[in-house]
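Breakdown of the fold
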Amino acid sequence: RQVKGNILGGKPAVFITGVNEDNMAVTDILVWDTYWGLSNLALDISTGKSVVIHPYHQLVPQDMNDDGVTEIPCPDAWGTGNDTLAYWVQYNRFGSNKVVAQTYHCQSGGWYFQLPEEWWGNVSIEAEETVAGENQVTLYVDNTAVLALYTITNENRENRAAMGSRFVLWRQPGTIYAAELYDDAAAYGMNAQRVKDDFHM
């Protein structure tokens, strides 16, 4: 997969990702410089191979935080199919990198959730089908349940989306996405508006 974008500093780059025999995503970051010419920022000089290698979960480089810089996904080895937590990393002209976002990508449901920075590294996920046509993803921070996100496709979806303290995030033909905040949500900086802001299709 080839993606055109920018590295830190606004310099144009091409991100080329392939998948090796171990189902790992291997990414090259190609940039052009009038002095250095064409170079690969991901290259290990001693081996001649890219060092940007991460588990493959069908995620591709993209501008995840809308700052004009392209990030490379670094998914956890853990995951159910292609549903996974992932860090997003930016690179500069010298190959140095920094983490700028963490998401949970529920690709089976067609959505992702951008995690608050104060949660990074402390989140765990539990995903289950609660009833037929309803999938629930519970986000835990420091092993405390903070919120649940629902993908509801059954015929009773309107009622299921409004059940208890649930609220609707998004509607599509045949599918409703909803959320529910747990008792400790406020202590972890989460409210209904922030859930809506951080939830994306």
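To be clear, the structure that these remarks concern was listed above.
One structure accompanies this document, and this report is about it. Since the structure is predicted, the reported quantities are computational estimates derived from the model, not experimental observations. (Residues numbered from 1 in each chain as written. Predicted model: local features only at pLDDT ≥ 70, side-chain atom pairs only at ≥ 80, totals over all residues. Heavy atoms only, no water.)

Turning our eyes to something else, we now look at the packing of aromatic side chains. Following the criterion strictly, the structure yields three aromatic pairs and no others. Seen in terms of ring centroids, Tyr177 and Phe199 are 5.8 Å apart; in terms of plane orientation they differ by 45°. Their pairing is tilted. Residue Tyr177 is located in strand β16 (residues 175-181), and its partner Phe199 is located in strand β17 (residues 199-200); the two are separated by 22 residues in the primary sequence. Here Tyr177 and Phe199 have matching classes, each one buried. Cluster of aromatic residues (ring-pair linked, three or more members): Tyr104, Trp111, Tyr177 and Phe199. The side chain of Arg166 reaches across the aromatic face of Tyr150, ending 3.8 Å from its centre. (Phe/Tyr/Trp six-rings, centres within 6.5 Å; stacked < 30°, edge-to-face > 60°. Helix = DSSP H or I, 4+ residues; strand = E, 2+ residues; numbered from the N terminus. Buried < 20%, exposed > 50% of the residue type's maximum accessible area, 1.4 Å probe, protein only. Lys NZ or Arg CZ within 6 Å of the ring centre and 35° of its normal.)

This brings us to the pairing of strand β1 (residues 2-6). Walk down a regular strand and you will see the side chains alternate between the two sheet faces. Side chains Val3 and Gly5 of β1 all project onto a buried face; the interleaved residues Gln2, Lys4 and Asn6 project onto a face where none is buried. Of the strand pairs in this sheet, β1 and strand β2 (residues 12-19) are connected by five bridges, and their pairing is antiparallel. Looking at β2, one finds that Val3 is bridged to Phe15. Counting the residues between successive antiparallel strands, the hairpin from β1 to β2 contains five residues, one of them, Gly9, with a positive phi of roughly 95°. (Pairing = 2+ DSSP bridges.)

The strands making up a sheet are joined through hydrogen bonds of the backbone, oriented either antiparallel or parallel. Pairing is antiparallel in the open sheet, where five strands are placed in the order β12-β13-β14-β16-β15. Edge positions in the open sheet fall to β12 (123-131) and β15 (167-172), since each of these has one partner strand only. Between one strand axis and the next, the sheet turns by 20° as a mean value, whatever way the strands run. (Axes fitted to C-alpha atoms, helices over the stretch in contact; angles between N-to-C directions.)

Counting 23 residues, the largest nonpolar core has Trp111, Phe113, Trp119, Leu139, Leu147, Leu149 and Val195 as the members making the most contacts within it. Those residues in contact with Val195, other than ones at most four positions away along the chain, are Phe113, Leu147, Leu149, Phe167, Leu169, Ala179, Leu181 and Met190. By size, the runner-up hydrophobic cluster in this structure holds 13 residues, among which are Ile7, Ile29, Val52 and Val89. (Core = buried A, V, L, I, M, F, W, Y, C linked by side-chain atoms within 4.5 Å. Contact = heavy atoms within 4.5 Å.)

Among the structural elements, Thr151 can be located in strand β14 (residues 144-152). In terms of polar contacts, Thr151 uses its side chain to reach the side chain of Trp111, at 3.0 Å. Setting aside residues up to four positions removed in sequence, Thr151 forms contacts with Gly109, Trp111, Gly133, Glu134, Asn135, Thr175, Ile176 and Tyr177. (Polar contact = N/O pair within 3.5 Å; in protein donor to acceptor, adjacent residues only side chain to side chain.)

One pass over the full model with this rule turns up one cavity of 30 Å³ or more. Here the largest cavity is characterised by a volume of approximately 70 Å³. What lines the largest cavity is a set of 13 residues, and nearest its centre among them are Thr17, Ala25, Thr27, Leu59 and Pro73. A class-by-class count of the residues in the lining of the largest cavity yields nine nonpolar, four polar and no charged. (1 Å grid on protein atoms, 1.4 Å probe; cavity = no way out; pocket = protein on both sides within 12 Å on 5 of 7 lines; lining within 4 Å. Points joined across faces, edges and corners; volume = space filled by probe spheres on them. Nonpolar A, V, L, I, M, F, W, Y, C, P; charged D, E, K, R; others polar.)

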